[in-house]
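Understanding the architecture of this molecule
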Amino acid sequence: MKLRSRRAIRCAMGTMILCLLGTTWARSQSAKTGADQKPQMSEEVFKNIQVLRGIPVNEFMGTMGFFSAALSMNCTDCHVTESAGNWDRYADDTPLKQTARRMVLMENLINRADFGGTRMVTCYTCHRGVQHPEVTPSLAEQYGPPPPADPDRVEVLPNAPNSTSAAEQILDKFIQAIGGAQQLTKLTSFTAKGTYAGFDTDFQKVPAEIFAKSPDQRTVTNHLHGGDDTTTYDGHEAWLAAADRPVPLILLAGGDLDGARLDANLSFPAMLKQDLRQWHAGFPPVTIDDRAVQVVEGTAAGGTHVKLFFDKESGLLVRQVRFIDTAVGFIPLHVDYSDYRAVSGVKMPFHWTVTWVDGQSTTELTDVQPNVAVAAAKFVKPAAAASRGPASR
């Protein structure tokens, strides 16, 4: 996403969920989030939803990110300038919002009529990162060097021989590289402190805390200037409590729930081969930061495709990519891992960067305490974060 200013960056992170479709925050609905452990639908939370009805709030947020990535635009590109300081001004109509609605309906019609309902045509199919699709072939592109292959894409191998066994060998090498299966079973919990920096902090570092308990519980809290931002996975369900956003508490569903589960599982990866299914390998050679990596792809419990990239020499995990399904197409989210250090005989990354369609953030750990008592209360549904809105910035 090409953001034009610091103000635009903050807008993109905090208000992406309101872009393009002319919505406004239905404040009376906020207390219902997670009350019956069912995700809220977009039309229950936002007003004036005309096209993207019947999808969870977190999927609606991802859909806004898809639009932004497809057109390289941010919130105020499609809304009035005043919306950056007032949630309600996102309800003001603009020609671009009307166009977005028509385009979604057009794509749905094409996919139903020509592809049997399979989503083959999306915003990105034509726009490719520009607001106005090109209609004239480019000779410079035709005769110039081809662009580098993007490793962050879904690839399904056509019954590659020994693909599953090759994937298992790569995963086994990873388990051995971080300490071995026996040592991993000895790590039953940990707490960590460090820093977080991202679009929502203007890339200024703020304190961060992690609480994790084997096999798959994890809570991450970033102490932002406007209030805490907490993601919790309790082993079954996941929530995002985010300050300074129009939705103070979201019960995650779909690809975001799969992602929270995977992040928790990777904190205690002894059962990694069991956590995902349909493993396969055999992808074309890939390099990350000039180092050769081996790639395996699997499918999470909810159906989300996941690719894991392992350093060919060390066996350590250097990238995770997951492909989150939205109402208009898949969006990639990738996590780059580095600075592995031994903690109670197990190597853990002390640095990771998360990149997705509406933001980027970096977490750096400074202290990790293994095998400490972690209260069960750390993994219950968090309280809704207080939202002060963009006008308070």
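Since the structure is predicted, the reported quantities are computational estimates derived from the model, not experimental observations.

Regarding the overall build of the chain
- Assigned secondary structure in the chain consists of eleven helices and 16 strands.
- For the chain, the computed accessible surface area is about 18,700 Å², with 53% contributed by carbon and sulfur atoms.

Comments concerning the nonpolar core
- Grouped together as the largest cluster of nonpolar side chains are 70 residues, with contacts concentrated most on Phe190, Trp279, Val296, Leu308, Phe310 and Val368.
- Take this core: its biggest share by element is eight residues, from helix α3 (residues 57-71).
- Residues contacting Phe310, with those up to four places away along its chain left out, are Ile170, Leu171, Phe174, Ala292, Val293, Gln294, Val296, Gly315, Leu316, Leu317 and Val318.

Examining the pairing of strand β6 (residues 227-233)
- Of the pairings in the sheet, the one linking strand β5 (residues 217-224) to β6 comprises seven bridges and is antiparallel in character. Across the sheet, Asn222 pairs through a bridge with Asp229, a residue of β6.
- Sheet analysis places β6 next to strand β7 (residues 238-242), joined by five bridges and oriented antiparallel. When the sheet's bridge partners are listed, Thr231 is paired in β7 with Leu240.
- The antiparallel pairing of β6 with β7 creates a hairpin that spans four residues between the two strands, and Gly235 there sits at a positive phi of about 105 degrees.

A look at the pairing of strand β11 (residues 291-299)
- Examined bridge by bridge, strand β9 (residues 277-280) and β11 share two bridges and lie antiparallel to one another. Within the sheet, the bridge partner assigned to Arg277 lies in β11 and is Thr299.
- Bridging between strand β10 (residues 286-288) and β11 involves three bridges; their strand directions are antiparallel. Counted as the bridge partner of Val286 is Val293 from β11.
- Hairpin remark: β10 followed by β11, antiparallel, with two residues in the connecting loop; positive phi at Asp289, about 55 degrees.
- In the sheet, β11 pairs with strand β12 (residues 305-311) via seven bridges, with the strands oriented antiparallel. Paired with Val296 across the two strands is Leu308, which belongs to β12.
- The antiparallel pairing of β11 with β12 creates a hairpin that spans five residues between the two strands, and Gly303 there sits at a positive phi of about 100 degrees.

A closer look at the packing of aromatic side chains
- For the coordinates displayed, the defined rule picks out four aromatic pairs.
- The interplanar angle of 75 degrees and the centroid separation of 5.0 Å between the aromatic rings of Phe199 and Phe203 together place this pair among those described as edge-to-face.
- Here the guanidinium or amino end of Lys307 rests over the ring plane of Phe283, the centre of that ring lying 5.1 Å away.
- The residue whose ring lies beneath Arg319 is Phe309, and the NZ or CZ to ring-centre distance is 5.9 Å.

Describing unusual backbone geometry
- Residue Pro215 follows Ser214 across a cis peptide bond; omega there is 5 degrees.
- Its place among the elements puts Pro215 in the loop between β4 (206-213) and β5.
- Despite not being glycine, Asp289 shows a phi value in the positive range, around 55 degrees.
- Judged by relative accessible area, Asp289 falls into the exposed class, the value being 71%.
- Even without being a glycine, Asp339 presents a positive backbone phi close to 55 degrees.

A short note on helix α5 (residues 95-114)
- Its 20 residues place the ends of α5 28 Å apart at the C-alpha level, agreeing with the 28 Å of an ideal helix rising 1.5 Å per residue.
- By the burial criterion, the buried members of α5 are Lys97, Ala100, Arg101, Val104, Glu107 and Asn111. Down the axis of α5, the buried set is contained in an arc of 125 degrees. They therefore lie on one face. α5 presents Pro95, Leu105, Leu109, Ala113 and Asp114 as exposed residues on the side facing more than 90 degrees away from its buried surface.

Looking at the side chain of Thr304
- Its place among the elements puts Thr304 in the loop between β11 and β12.
- Separated by 2.7 Å, the side chains of Thr304 and Asp258 make a polar contact.
- Not counting chain neighbours up to four residues away, the residues in contact with Thr304 comprise Gly254, Gly255, Asp258, Gly298, Thr299, Arg322 and Phe323.

Some remarks on the environment of Thr125
- Its place among the elements puts Thr125 in helix α6 (residues 123-127).
- The spacing of Thr125 and Ala70 is 55 residues in sequence and 8.4 Å in space, taken between C-alpha atoms.
- A distance of 2.8 Å separates a polar side-chain atom of Thr125 from the backbone nitrogen of Thr122.

Quick notes on the side chain of His127
- Mapped onto the elements of the fold, His127 is located in helix α6.
- At a separation of 2.9 Å, a polar atom in the side chain of His127 contacts the main-chain carbonyl oxygen of Val130.
- A polar side-chain atom of His127 sits 2.9 Å from the main-chain carbonyl oxygen of Gln131.
- With near-sequence residues (within four places) excluded, His127 lies in contact with Ala70, Leu71, His132 and Pro133.

Considering helix α8 (residues 163-177)
- Taking 1.5 Å of rise per residue, the 15 residues of α8 would be expected to cover 21 Å, and the 21 Å separating its terminal C-alpha atoms lies within 8% of that figure.
- For α8, the full list of buried residues reads Ser163, Ala167, Ile170, Leu171, Phe174, Ile175 and Ala177. Projected down its long axis, α8 carries its buried residues within an arc of 165 degrees, all on one side. Counted as exposed and oriented over 90 degrees from the buried face of α8: Gln169 and Gln176.

Conventions used here
Residues numbered from 1 in each chain as written. Predicted model: local features only at pLDDT ≥ 70, side-chain atom pairs only at ≥ 80, totals over all residues. Heavy atoms only, no water. Helix = DSSP H or I, 4+ residues; strand = E, 2+ residues; numbered from the N terminus. Areas by Shrake-Rupley, 256 points an atom, 1.4 Å probe, with all protein chains shown as cover. Core = buried A, V, L, I, M, F, W, Y, C linked by side-chain atoms within 4.5 Å. Buried < 20%, exposed > 50% of the residue type's maximum accessible area, 1.4 Å probe, protein only. Contact = heavy atoms within 4.5 Å. Pairing = 2+ DSSP bridges. Phe/Tyr/Trp six-rings, centres within 6.5 Å; stacked < 30°, edge-to-face > 60°. Lys NZ or Arg CZ within 6 Å of the ring centre and 35° of its normal. Expected span 1.5 Å × (residues − 1). Arc of directions from axis to C-beta. Polar contact = N/O pair within 3.5 Å; in protein donor to acceptor, adjacent residues only side chain to side chain.

Limitation: the analysis is restricted to geometry and does not speak to function.
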